[in-house]
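Here are the chains, one letter per residue:
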Amino acid sequence: MTVPTSPEGQEALLAMPERGPRRIAGAAGPTGRKPGPAKGAPEPAAQAPVARVVVDTPLPHLDRPFDYLVPASMDADAVPGCRVRVRFAGKLTDGFLLERAENTDHEGRLAFLERVISPEPVLTAEIAGLARAVADRYAGTMSDVLRLAVPPRHAKVEAEPRPPQESATSAQGAAPGGADGGGTGRSETEGAKPGRSPAAGAGPGGADRGGTGRSDVDAGHWRAYPAGESFLAALADGRSPRAVWSALPGTDRDGPSWPYAVAAAVRATLASGRGAVVVLPDGKDVALADRVLGDTPHVAITADLGPAERYRRWLRVLRGEVPVAVGTKAAAFAPVADLGLAVIWDDGDDLHDEQHAPYPHAREVLALRAHRAGAAMLIGGYARTVEATRLIASGWARPLVGRREEVRARAPRVRPAGDDAEMARDEAARAVRLPSLAWRALRRGLEHGPVLVQVPRRGYLPVLACQNCRALARCGHAGCSGPLALRSGHAAPYCRWCGRIAGDWRCGACGGRRVRAVVTGSRRTAEELGRAFPSVTVRTSGRDEVLATIGAAPALVVATPGAEPVPDGGYAAAVLLDGWALLGRPELRAAEEALRRWMNAAALLRPGAEAVVLADSSVPAVQALVRWDPVTHAERELGERAELGFPPVTRVATLTGPPSAVREMLASVELPAGAQVLGPVPVEGPRSGGDRESELERAMIRVPRAQGAALARALKGASGVRSARKAADLVRVRVDPLDPV
DNA sequence: CATTCGCGGTGA
DNA sequence: CACCGCGAATGC
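Every value quoted in this text rests on a predicted model; they were computed, and no experiment measured them.

Conventions and cut-offs
Counting restarts for each chain: residues are numbered from 1 in the order of the written sequence. Chain letters start at A and ligand numbers start at 1, both assigned in the order the entries are written. Only residues with pLDDT of 70 or above have their local features reported here, since the model is predicted, and side-chain atom pairs are shown and tallied only from 80 upward, although totals for entire chains, interfaces and linings are computed over all residues. Computation of side-chain values covers all heavy atoms of the structure but excludes hydrogens and water. Put simply, DSSP marks the helices as runs of H or I at least four residues long and the strands as runs of E at least two long, and each gets a number from the N terminus on. Summary of the burial criterion: residues with accessible area below 20% of their type's maximum are buried, those above 50% are exposed, and those between are partly exposed, where the area comes from a 1.4 Å probe applied to protein chains only. Here a residue-residue contact requires only that any non-hydrogen atoms of the pair lie within 4.5 Å. Each accessible area is a Shrake-Rupley result for a 1.4 Å probe, and residues are judged covered by the shown protein chains and nothing else. In this tally, Asp and Glu contribute negative charge and Lys and Arg positive charge; neither His nor the terminal groups of the chain are included. Salt bridge, as applied in this entry: a Lys or Arg side-chain nitrogen positioned within 4 Å of an Asp or Glu carboxyl oxygen. A strand pair is defined by DSSP finding two or more bridges across the two strands. Nearness of a residue to a molecule or strand requires only that one of the residue's heavy atoms be within 4 Å of it. N or O atoms within 3.5 Å of each other form a polar contact, as long as, within protein, one can give a hydrogen and the other can take it, and as long as residues adjacent in sequence are counted only when both atoms are side-chain atoms. Just so you know the grouping, Ala, Val, Leu, Ile, Met, Phe, Trp, Tyr, Cys and Pro go in nonpolar, Asp, Glu, Lys and Arg go in charged, and all remaining residues, Gly too, go in polar. In this analysis, rings of Phe, Tyr and Trp, with Trp reduced to its six-membered ring, are considered paired at centre separations within 6.5 Å, and the interplanar angle assigns stacked below 30 degrees, edge-to-face beyond 60, and tilted for intermediate values. Every angle, taken between N-to-C directions, lies between 0 and 180 degrees, and every axis is a line fitted to C-alpha atoms, over only the stretch in contact when it is a helix.

### As for the overall build of chain A
So, step 1. When its secondary structure is counted, chain A shows 22 helices and 30 strands.
So, step 2. Buried residues in chain A amount to 53% of all 741 residues.
So, step 3. Restricting the contact set of chain A to residue pairs at least 6 apart, pairs at least 24 apart contribute 74%.
So, step 4. Carbon together with sulfur atoms contributes 52% to the accessible area of chain A, which is approximately 33,000 Å² in total.

Here is the structure:
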């Protein structure tokens with residue numbers, strides 16, 4: 001099977017043999033020219049002897065395909081998409097074979113492939129094109145993106161016998177030519193397709209084939225959304241609507257409803273003969289979706305599976321054995337054949353932001369992918385990000401929101417308890433510093449089931465302030481002024497910088513002698529609440545130990561945002577302590593992020609249950625929570641970004657590195673018209689304490705959105721100059737960082 | 001990053 | 001006039 005992926009391109013080249021770039025010496029005939037192949041050299045393959053290879057190198061100026069000769073001995077194995085090993089700049093390097101060709105543009109003599117690692121075509125044409133697009137968007141290299149997109153090979157797994165061919169569920173969206181994973185034979189020429197009109201809620205009634213009762217039940221999960229059923233119908237009909245979905249809150253015996261709605265959309269897509277990818281923030285959500293999808297053919301891919309099982313499932317997707325991949329952000333690249341739908345849930349969760357170069361965001365990857373592949377997209381969440389809101393504003397996607405009366409019926413009753421709230425009289429409650437409103441809500445809730453207390457993540461940790469004037473409590477030791485904190489089990493506060501115990505602390509501002517915790521860490525909150533409700537079980541769930549679910553029995557659940565256990569039947573009440581930590585922060589997304597966390601917790605309540613948020617009711621994010629109106633809030637945020645000239649209305653890149661390097665790069669980069677440079681400003685390094693001259697600086701470059709691609713290109717060029725010269729002082733380039741400020 | 005290439009300087 | 005050395009260019 002040596003047929004190249006893009007037959008048209010092949011014929012075009014064959015049609016102009018003589019004027020064509022260069023014929024390959026060996027291919028023309030083994031007549032043994034003067035400088036011909038050395039005597040030990042292998043014979044090139046008779047057909048399409050040129051292999052275009054993406055070489056695995058981090059160097060930006062080498063980010064393009066290189067041509068090699070395919071030895072006749074490797075002819076059969078050297079298929080488009082396979083992993084190869086080549087000699088590059090002297091040493092052996094890994095790479096992917098993009099395509100086979102008759103000719104080369106290269107002036108010099110071509111080297112032979114060193115070997116084909118395996119004939120498995122792991123890089124499909126679609127994913128290769130996507131990786132290129134993502135690299136261009138983020139000023140990165142294709143090989144960096146491929147490292148994120150294609151899992152490391154596991155030879156043993158690859159060699160395992162394939163499952164019996166016709167297993168009824170398989171053979172879903174296999175391309176006409178067989179399951180060689182090469183997408184739908186769409187040509188890999190550059191440029192995104194114009195994209196179809198957003199059809200969420202467009203055309204009526206699609207044929208509901210592929211099931212009887214199933215699709216009725218599925219439709220039920222979207223009935224509360226006016227445009228929901230036509231969205232499903234469009235998917236089933238083979239069309240590609242794009243929607244930003246504001247999921248209705250409320251958790252009942254079946255758990256939260258969003259996984260059912262997602263499963264319904266996936267099954268509708270399957271009914272049209274196409275596949276789907278579903279990207280979720282963490283393993284807990286993947287497990288949930290996995291369970292709800294049930295016998296719908298799919299695989300769940302998460303990091304905790306281990307390399308072998310992970311690769312095994314990924315291969316099933318590649319080989320077309322399953323049409324649906326569910327997983328965390330890497331799943332955005334899952335090589336689903338004939339993609340019909342891309343789903344992302346809770347796109348505001350920062351777990352969707354890739355931590356490896358070039359730092360792509362899963363929502364952007366999926367949007368690019370859906371656009372290029374002509375697939376539908378579903379961006380869902382309880383809250384609404386400004387980025388998703390912009391996609392609506394630009395006309396790329398349509399809103400998918402619940403009927404107002406459904407919102408009212410399912411949302412919890414949220415009551416704010418601001419700073420001036422009356423503190424609980426109860427001695428125990430006083431110790432927890434809970435307003436009486438919150439205290440009573442927990443009490444009442446505990447009569448009916450589990451209650452949730454959402455506390456700030458660690459890291460937002462116990463900072464102490466003067467109880468009187470709220471000034472930050474600082475270490476009184478000469479010249480230190482470090483922040484004070486409490487350790488569990490110790491009564492006296494200690495300094496987080498010098499470690500001294502602050503026995504007789506006195507406020508520098510007002511002379512007060514008592515401290516209060518401005519933000520309390522989860523461990524401590526759990527301890528205190530345990531004392532306050534002595535007869536109740538206290539469970540904690542946080543970063544290090546996440547509790548996925550919790551039973552229906554009364555219990556006090558203390559959890560950090562994102563780690564809230566899904567309760568059997570919904571929480572009976574909740575208190576949200578997290579807001580105080582967030583709302584005061586300087587980040588651009590502080591309000592949006594606070595609202596997102598609150599909504600994610602509050603959505604786990606039973607309809608009508610009581611939630612108390614410890615924040616002032618005048619704050620817009622609090623009002624949005626009370627009215628359960630994420631849309632208006634996000635639109636307002638988008639308006640503010642537009643005014644300030646911040647992403648996603650503009651495009652921004654940050655350059656971080658040693659001052660001299662940052663300045664040098666700024667000087668050499670050829671910025672597109674309309675670019676604005678802010679800074680550079682000093683930024684605290686990875687570790688506080690500034691011991692070395694390792695001080696870092698950060699500059700920000702801002703351009704109109706339309707110049708985004710030009711900016712990325714310019715930055716890549718400039719970083720190429722740098723890294724080629726001196727590897728040492730690296731400037732890290734980030735396009736559209738989560739929070740540029 | 002590793003290697004090669006080419007120009008200018010240097011020494012016999 | 002041959003050779004050495006270092007900076008720039010290149011990597012198939």
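### Remarks on the side chain of Glu-637
So, step 1. Examined against the element boundaries, Glu-637 turns out to sit in helix α20 (residues 630–644).
So, step 2. Although Glu-637 is buried, it forms no salt bridge, and the closest oppositely charged side chain is Arg-641 at an N-O distance of 4.0 Å.
So, step 3. Beyond its immediate stretch of four places on either side in the chain, Glu-637 contacts Val-386, Leu-588, Ala-591 and Glu-592.

### A look at the pairing of strand β23 (residues 556–559)
So, step 1. Burial along β23 is two-sided: Leu-556 and Val-558 and Val-557 and Ala-559, pointing in opposite directions, are all buried.
So, step 2. Where strand β16 (residues 451–454) lies against β23, four bridges are found, and the strand directions are parallel. Bridge pairing in β23 links Val-451 to Leu-556.

### Some points on unusual backbone geometry
A negative phi angle is the norm for most residues apart from glycine, just as the trans form is the norm for most peptide bonds.
So, step 1. A cis geometry characterises the amide bond from Ala-357 onward to Pro-358, with omega recorded as 0°.
So, step 2. Mapped onto the fold, Pro-358 is located in the loop between β12 (339–345) and α11 (362–373).
So, step 3. For the peptide bond that leads from Pro-647 to Pro-648, omega is 5°, which places it in the cis range.
So, step 4. Inspection of the secondary structure assignment puts Pro-648 in the loop between α20 and β27 (650–657).
So, step 5. Despite not being glycine, Tyr-359 has its phi angle at roughly 60°, a positive value.
So, step 6. In this fold, Tyr-359 is placed in the loop between β12 and α11.
So, step 7. Notably, Asp-736 is not glycine yet its phi reads approximately 50°, a positive angle.

### Here's the deal with the protein's contact with DNA strand C
So, step 1. Around DNA strand C lies a shell of 13 residues, among which His-61, Leu-62, Asp-67, His-106 and Ala-111 are the nearest.
So, step 2. Within the side chain of Arg-64, an N or O atom sits 3.2 Å from a base nitrogen of DNA strand C.
So, step 3. Within the backbone of Ala-111, an N or O atom sits 2.6 Å from a sugar or linking oxygen of DNA strand C.
So, step 4. Sorting the residues of the surface near DNA strand C by element identifies β2 (66–69) and β3 (83–88) as the ones contributing at least two each.
So, step 5. Looking at the surface near DNA strand C, the element that brings in the most residues is β2, giving three residues.
So, step 6. The class makeup of the residues in the surface near DNA strand C is eight nonpolar, two polar and three charged.

### Concerning the packing of aromatic side chains
So, step 1. Under the defined criterion, the tally for this structure stands at ten aromatic pairs.
So, step 2. For the pair Trp-222 and Tyr-225, a centre-to-centre distance of 5.2 Å together with 50° between the ring planes defines the contact as tilted.
So, step 3. Accessibility expressed as a relative area gives 0% for Trp-222, which makes it buried.
So, step 4. Overall, the relative accessible area of 3% leaves Tyr-225 in the buried class.
So, step 5. Centroid distance Tyr-311 to Trp-314: 5.9 Å. Interplanar angle 10°. Geometry classified as stacked. With a gap of three residues between them, Tyr-311 and Trp-314 both fall in helix α10 (residues 307–318), about one helical turn apart.

### As for the sheet that holds strand β30 (residues 732–735)
Across a sheet, strands are paired by hydrogen bonds formed along the backbone, either parallel or antiparallel in direction.
So, step 1. Taken in spatial order, the four strands line up as β28-β29-β27-β30 in an open sheet, and their pairing is antiparallel. The sheet is open, and its two borders are formed by β28 (676–683) and β30, each paired with just one other strand. Taking each pair of neighbouring strands and ignoring which way they run, the sheet shows an average axis angle of 20°.

### What to know about the pairing of strand β1 (residues 50–55)
Where a strand is regular, its side chains alternate between the two sheet faces.
So, step 1. For β1, the buried fraction is high: six of the six residues fall into the buried class.
So, step 2. Every second residue of β1 is oriented toward a common face, with Val-50, Arg-52 and Val-54 on one face and Ala-51, Val-53 and Val-55 on the other, all of them buried.
So, step 3. As paired strands, β1 and β2 are joined by four bridges and run antiparallel to one another. Bridged to Arg-52 within β2 is Asp-67.
So, step 4. Direction of pairing for β1 relative to strand β4 (residues 91–101): antiparallel, over a ladder of six bridges. Within the sheet, the bridge partner assigned to Arg-52 lies in β4 and is Glu-99.

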